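Observations on the model geometry
Residues per chain, in single letters:
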Amino acid sequence: MKFAGVEQLPYEEQQKNIKIAESKGNYNCEIQEPDWSRMERVDENYQYEPKGFLYHLAAAFIKPLFYWGAAPGCSLIMGGKVVGRKNLKGVKNAVLVCNHVHNLDNELARWAAKGHRLHVVVAEFNNMNGFLGWVMRTEGIYPLSGNFGAMKNFTKTVNKSLNRKKDLVLFFPEKSMWPYYEQPRPFMDGAFHSAALNNVPVVPFFIVWREPGRFRRLFSKMKTAELHVLNPIYPKAELSRKENIAYLRDEAFKAQCQCYKECYGREPDTINAKFTLEEIFQKGYEAYLAEQSQK
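Residues numbered from 1 in each chain as written. Predicted model: local features only at pLDDT ≥ 70, side-chain atom pairs only at ≥ 80, totals over all residues. Heavy atoms only, no water.

Considering the overall build of the chain
When you go through the chain residue by residue, the secondary structure sums to 8 helices and 9 strands. Compactness check: the chain gives a C-alpha radius of gyration of 19 Å against a globular reference of 19 Å for 295 residues, within 12% of the reference. The dimensions of the chain, computed from C-alpha atoms along their principal axes, are 50 × 50 × 40 Å. Looking at the chain as a whole, 49% of its 295 residues are labelled buried. Look at the contacts in the chain between residues 6 or more apart in sequence, and 76% of them connect residues 24 or more apart. Accessible surface, the chain as shown: approximately 15200 Å² in total, 56% of it carbon and sulfur. Computed over 41 positive and 32 negative side-chain charges, the inter-centroid distance for the chain is 7 Å. (Helix = DSSP H or I, 4+ residues; strand = E, 2+ residues; numbered from the N terminus. Rg over C-alpha atoms; globule rule 2.2 N^0.38 Å. Buried < 20%, exposed > 50% of the residue type's maximum accessible area, 1.4 Å probe, protein only. Contact = heavy atoms within 4.5 Å. Areas by Shrake-Rupley, 256 points an atom, 1.4 Å probe, with all protein chains shown as cover. Lys, Arg positive; Asp, Glu negative; His and termini not counted. Charge placed at Lys NZ, Arg CZ, Asp CG, Glu CD.)

In structure tokens:
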């Protein structure tokens, strides 16, 4: 199966790999190999916010298309629903953090964040080449990178965005996408570093999976997505930056765990899990290059 031109493991294989990762206590690994052949590398020359007439002309058409298309698109594909949008009222700038559970969860977040400009932080392998990648960059993605110079530019761009009126930056601090996974997973610190550095709130989003309704079951048995916008969490003036990073991270995770408990009626098993960078299934880009050189 392909999604946006990228080969996907069958759903059953994805769920099998999730079970294996769970058994190892690893809640942050990739559960399938990314399509490295579609990746456009991000180096120190990468333009996070391109300039020029053609870019702005394209953005003038593409951004409204995604802005107004997010709701019907998410409703059709994910059965998407947003709960608690009022919690964004009065929030001018913020870091959003969301569980990463669907290829289109960023569009569901865009729907929830209507009225704001949303930028989405993505893995480097999601910075695709070709037309789809161009559309995503025009829409406003901020890809991560292993290149030091690129990450300096990434940080400057995020900081600039978080100091513009009505800009939101969405992070997926669980790092990897686990399709249809229900529980919160432990967070890495990057999103909360950006919030503490710029003295902006963190707004946790949490996607809950519901059984499809009677009509939807006629054409899909997959569960439907319900995104909950939770209360903003503000940095504390009396805490140091390092302390605020830990405070914002822990409070955001607690908020997701509480939402999980209220929606599913049970405590998450992941509440004491630790973040890990260990990859179980992923060979990595260097291994991919080595394989290509032998062909």
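Back to the write-up after that little detour.
A look at the packing of aromatic side chains
What the rule picks out here adds up to 14 aromatic pairs. One aromatic cluster is present, built from ring pairs that chain together W36, F125, Y285 and Y288. (Phe/Tyr/Trp six-rings, centres within 6.5 Å; stacked < 30°, edge-to-face > 60°.)

Observations regarding the pairing of strand β8 (residues 202-210)
For β8, the buried fraction is high: 8 of the 9 residues fall into the buried class. In this structure, strand β4 (residues 94-98) lies alongside β8, joined through 4 bridges in parallel fashion. The residue bridging L96 from the neighbouring strand is V203, located in β8. Bridge analysis of β8 against strand β9 (residues 224-229) gives 6 bridges, and the strand direction is antiparallel. The residue bridging I207 from the neighbouring strand is L227, located in β9. (Pairing = 2+ DSSP bridges.)

What to know about the pattern of salt bridges
Close approach of charged atoms allows side chains with opposite charge to pair. Applying the stated criterion to the full structure yields 22 salt bridges. Salt-bridge contacts for R164 lead to D167; the nearest nitrogen and oxygen are separated by 2.9 Å. In this structure R164 comes out as partly exposed when scored by relative accessible area, which is 24%. With a shortest N-O distance of 3.7 Å, E211 and K223 are connected by a salt bridge. Taken together, the positions of E211 in the loop between β8 and β9 and K223 in the loop between β8 and β9 put the pair 12 residues apart, joining distant regions of the chain. (Salt bridge = Lys/Arg side-chain N within 4 Å of Asp/Glu carboxyl O.)

Some points on unusual backbone geometry
With phi around 70°, K166 is a residue other than glycine that occupies positive phi space. Within the element layout of this structure, K166 appears in the loop between α5 (148-161) and β7 (167-171).

Some thoughts on the side chain of S161
Locating S161 in the fold gives a position in helix α5. When its relative accessible area of 0% is taken as the criterion, S161 is described as buried. Apart from the residues lying within four places of it in its own chain, the contact partners of S161 are N93, H119, Y142, D167 and V169.

Remarks on helix α6 (residues 190-198)
Within α6 the residues assigned to the buried category are A191, F192, S194, A195, A196 and N198. Looking at the packing, one finds that the buried side of α6 touches β4, α5, β7, β8 and α7 (241-264). The first or second residue beyond α6 is N199, which carries a positive phi of 55°.

Things to note about helix α3 (residues 105-112)
With 8 of 8 residues buried, α3 is to be regarded as a mostly interior element. Listed as buried for α3 are D105, N106, E107, L108, A109, R110, W111 and A112.

Considerations on the packing of α6 against α7
Their axes nearest at 8 Å, the elements α6 and α7 cross at an angle of 125°. Judged on the interaxial angle alone, α7 and α6 are oblique. The two elements α6 and α7 cross, and the hand of that crossing is right-handed. Each of F192, H193, A195, A196 and L197 in α6 lies in contact with α7, whose residues at this interface are R241, N244, I245, L248, R249 and A252. Classifying every residue of the contact of α6 with α7 by side-chain character gives 7 nonpolar, 2 polar and 2 charged. (Axes fitted to C-alpha atoms, helices over the stretch in contact; angles between N-to-C directions. Parallel < 35°, antiparallel > 145°, perpendicular 65-115°, else oblique. Left-handed = near helix turned anticlockwise from the far one by under 90°. Nonpolar A, V, L, I, M, F, W, Y, C, P; charged D, E, K, R; others polar.)

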